[in-house]
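# Descriptive structure summary
One-letter residues, chain by chain:
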Amino acid sequence: MLTTIANLHNHIEEEVKIGVWMYNKRSSGKIQFLQLRDGSGTIQGVLLKNQVDSSIWDAAKNLTQESSLYVWGKVRKDDRAPSGFELDVINLEVIHIAEEYPIANKEHGVDFLLDHRHLWIRSERQRAILKIRAEIIRSIQSYLDSEGFNLVDPPVLTPSSCEGTTNLFHTKYFDEDAYLTQSGQLYMEAAAMALGRVYSFGPTFRAEKSKTRRHLIEFWMIEPEMAFVDHQGNLEVQEKLVSHVVQSVLTNCKLELKVLGRDISKLEKIQAPFPRITYDEAVERLQKAGVDFTWGDDFGAPHETLLAEQFERPLFITEYPTGIKAFYMKPNPERPEVVLCADMIAPEGYGEIIGGSQRIDDPVLLEKRFQEHDLPTKDYAWYMDLRKYGTVPHSGFGLGLERTVAWICGLEHVRETIPFPRMLNRMYP
RNA sequence: UCCCAAAUAGCUCAACGGCAGAGCAAUCGGCUGUUAACCGAUAGGUUGCAGGUUCGAAUCCUGCUUUGGGAGCCA
């Protein structure tokens, strides 16, 4: 029966069969070392010429990088092996002799690797990142589910923009114009009025000509929305969620973090509560640091980094000027020139990973905002209805998955955090 | 959209106005404990494209294409 490499520690001194790819080989005249992987882990297979059948010896000799095969062998503890185990190969059955493999066991350029992304993900480092991405998704969902949230799926095809500013991907819905979603938030507000606490998890699309290490054209967001929760309650959910996710990765992905060379001590400090500063205070801090910045402007990436560097935990910047934020955000009743919103800025220069706010629940004010922003009221009639039929205070936020993965993994660029990145000028593979 | 940089063997790079080279990968051979194994040999080229300067251009100039980094915008 087939077992996996991750499972071999349960089979010491036993004979096992595994299905594997050979990612590297080292050999001498009378001994061969096969570097084997099966997705669950890696192990070295050892063949001694005087101990295996010559046909098996020759078959092993002919294996090329990334050839696939079944291997029968005896699991042996060995302190010389990085994983602590080796496999003494008894028999093997070749499934496929791979053609010359483009990705060598050495350094490559980014362009080349992205062109071969379908193969690049086989590498130890990329596998570690995708494992951590999966763990992050798993821990987000299990946390929200355990806190009484329900997963609700908003549509991907939408009739118009949720937040007029960003560029949308245009497509056709038969004879009508349609756009790929850039946020499911407005639909989640409707869902929160039905189910109380909800969250969405899905892809979003921005046709922005952004070319930085923090941007993708297609990326995934988690968007929780909560009825009867105010601005402060919103922040508490966010910090608890993020600390839970970081601690889950620390517990369940030790090997992967080690492969990535991540500084664990920085992640261990990520415990709720997170520091909060207002926009006003952030501006003061920037000015004190010698930055020329006027109240009312939005922060750029360098500003966020400068502020985040003053803290070891993610930083909430709250209550931005109304003019630079989205139309649906609720003004502070005591100070209507700012809104009850917060951005969560990750440490170490990873930038904004969450944007959230309390939403406008007053139908009159929302109507006014539609006029001010020149939004088509017809397209948003359903959204106005939410305020007409039992409106309640409610809040929500959007968590950018790829930026979160990049931060937790300690990566230079978000392109490695998603299996097949969609970037400006790159849609292959 | 703007600013900066790069493009040479399958890959990573060198050659910077005067014979286009090395390492890795590939192929062949050697080696009984290798960890990106090592050693020897073989093969591998329209120097991104188009023009220009020059006795001579991978090298200098102009345009284009592609890619990377950054800005803006955002998650």
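As the structure is a prediction and not an experimental result, all values here were calculated from the model.

### Comments concerning the pairing of strand β19 (residues 394–400)
- Of all seven residues that make up β19, seven are buried, and the element is covered over most of its length.
- Bridge count for strand β12 (residues 218–227) against β19 is five bridges, and the pairing is antiparallel. Of the residues in β19, the one forming a bridge with M221 is G400.

### Things to note about the environment of H108
- With respect to the helices and strands, the residue H108 is situated in the loop between β6 (85–96) and α2 (110–115).
- Note: C-alpha distance between H108 and I5 (103 residues apart in sequence) is 28 Å.
- If we skip the residues at most four places from it in the chain, H108 touches P102, I103 and L113.

### Here's the deal with the sheet that holds strand β8 (residues 157–158)
- What the three strands build is an open sheet, ordered β8-β10-β9; its pairing is antiparallel. Single-partner strands in this sheet number two, and they are β8 and β9 (170–173).
- Relative to strand β10 (residues 176–180), β9 runs antiparallel, the two sharing four bridges. If you follow T171 over to β10, its bridge partner there is A178.

### Some remarks on helix α6 (residues 231–252)
- The end-to-end C-alpha separation of α6 is 32 Å, in line with the 32 Å expected for 22 residues at 1.5 Å each.
- The N-terminus of α6 is capped by D230, whose side-chain oxygen sits 3.3 Å from the backbone nitrogen of Q232.

### Side note on the environment of C253
- Along the chain, C253 falls in the loop between α6 and α7 (254–260).
- For C253, a relative accessible area of 3% gives the class buried.
- Separated by 125 residues in the primary sequence, C253 and A128 place their C-alpha atoms 8.4 Å from one another.
- Apart from residues no more than four positions distant in its own chain, C253 is found in contact with I132, E135 and S248.

### Looking at the nonpolar core
- Within the largest apolar cluster, 56 residues are counted, with the highest numbers of intra-cluster contacts made by I132, I136, W407 and I408.
- Listed in part, the 29 residues of the second largest apolar core include F299, A308, Y320 and L386.

### Here's the deal with the sheet that holds strand β17 (residues 341–346)
- The sheet built from eight strands is open, its strands ordered β7-β11-β12-β19-β18-β17-β14-β13 with mixed pairing. Across the chains shown, the open sheet's two edge strands, defined by having one partner strand only, are β7 (150–151) and β13 (276–278).
- The pairing of β17 with strand β18 (residues 351–358) spans six bridges and is antiparallel. Across the sheet, residue A346 finds its bridge partner in β18, namely G351.
- The strands touched by α6 are β12, β13, β14 (315–318), β17, β18 and β19; relative to β19, the strand with the most contacts, the crossing angle is about 30°.

### Observations regarding the protein's contact with RNA strand B
- Around RNA strand B, a shell composed of 47 residues is seen, among which N24, R26, E86, R213 and R403 lie nearest.
- Protein-proximal atoms of RNA strand B, defined as those within 4 Å of the protein, fall in sugar or phosphate at a share of 48%.
- At a separation of 3.4 Å, a phosphate oxygen of RNA strand B approaches a polar backbone atom of K30.
- Between RNA strand B and R214, the relevant distance is 3.5 Å, taken from a phosphate oxygen to a side-chain nitrogen or oxygen of the residue.
- When residues of the surface near RNA strand B are traced back to their parent elements, those giving at least two are β2 (15–27), β3 (31–37), β4 (42–48), α2, β12 and β18.
- A per-class count over the surface near RNA strand B returns ten nonpolar, 16 polar and 21 charged.

### What about the packing of helix α11 (residues 363–372) against helix α12 (residues 381–388)?
- At a minimum axis separation of 9 Å, α11 and α12 run at an interaxial angle of 160°. Here α12 runs roughly antiparallel to α11, going by the angle between their axes. Between α11 and α12 the crossing geometry is right-handed. Side by side, α11 and α12 meet where P363, L366, E367 and F370 of the first sit next to Y383, M384 and R387 of the second.
- For the contact of α11 with α12, a count of residues per class yields five nonpolar, no polar and two charged.

### Overview of the side chain of E189
- Within the fold, E189 resides in helix α5 (residues 185–195).
- Among the polar contacts listed, one links the side chain of E189 to the side chain of H394, at a separation of 2.8 Å.
- Setting aside residues up to four positions removed in sequence, E189 forms contacts with E225, R359, Y383, L386, R387 and H394.

### Comments concerning a nonpolar patch on the surface
- Residues L157, Y173 and F174 make up a contiguous nonpolar surface patch of about 370 Å² in total accessible area.
- On the basis of relative accessibility, which here comes to 42%, the residue Y173 falls in the partly exposed class.

### A short note on the pairing of β10
- As paired elements, β8 and β10 share two bridges and run antiparallel to each other. The residue bridging L157 from the neighbouring strand is L180, located in β10.
- In textbook terms, the turn of a hairpin is the stretch between consecutive antiparallel strands, and for β9 and β10 this stretch comprises two residues, one of which, F174, has a positive phi near 55°.

Cut-offs applied
- Note on numbering: residues in each chain are counted from 1, in written sequence order.
- Chain A is the first chain written and ligand 1 is the first ligand written, with later ones labelled in order.
- It should be noted that, the model being predicted, local features are given only for residues of pLDDT at least 70 and side-chain atom pairs only at 80 or more, the latter also being counted only at that level, while totals for whole chains, interfaces and linings use all residues.
- Side-chain calculation: all heavy atoms of the structure are included, whereas hydrogens and water are not.
- For every residue, the accessible area (1.4 Å probe, protein chains only) is compared with the maximum for its type, and the residue is labelled buried under 20%, exposed over 50%, or partly exposed between those bounds.
- Per the convention used, a helix needs a DSSP run of H or I reaching at least four residues, while a strand needs a run of E reaching at least two, with both numbered from the N terminus.
- Strand pairing is defined by DSSP finding a minimum of two bridges between the two strands.
- The contact criterion used throughout is that any non-hydrogen atoms of two residues lie within 4.5 Å.
- What a helix should span is 1.5 Å times the count of its residues minus one.
- Any N or O atom pair separated by 3.5 Å or less is treated as a polar contact, with the protein-specific requirement of one donor-capable and one acceptor-capable atom, and with residues adjacent in sequence counted only for side-chain atom pairs.
- Among the buried residues, those of types Ala, Val, Leu, Ile, Met, Phe, Trp, Tyr and Cys that are joined through side-chain atoms within 4.5 Å form a nonpolar core.
- For every element, the axis is a line fit to its C-alpha atoms; helices are fit only across the contacting stretch, and the angle between N-to-C directions ranges from 0 to 180 degrees.
- One heavy atom within 4 Å of a molecule or strand makes the whole residue count as near it.
- Classification used: nonpolar for Ala, Val, Leu, Ile, Met, Phe, Trp, Tyr, Cys and Pro, charged for Asp, Glu, Lys and Arg, polar for all others including Gly.
- Here the word oblique covers every angle except those under 35 degrees (roughly parallel), over 145 (roughly antiparallel) and from 65 to 115 (roughly perpendicular).
- By definition, any crossing whose near helix is turned counterclockwise from its far helix by less than a right angle is left-handed, and any crossing with a clockwise turn is right-handed.
- Each patch is assembled from residues with relative accessible area greater than 30% and no salt bridge, linking like charges that lie within 9 Å and nonpolar side chains (Val, Leu, Ile, Met, Phe, Trp, Tyr) that lie within 5 Å.
- For every accessible area listed, the method is Shrake-Rupley and the probe measures 1.4 Å; residues are considered covered only by the protein chains on display.
- Just to be clear on terms, a salt bridge is a Lys or Arg side-chain nitrogen sitting within 4 Å of an Asp or Glu carboxyl oxygen.

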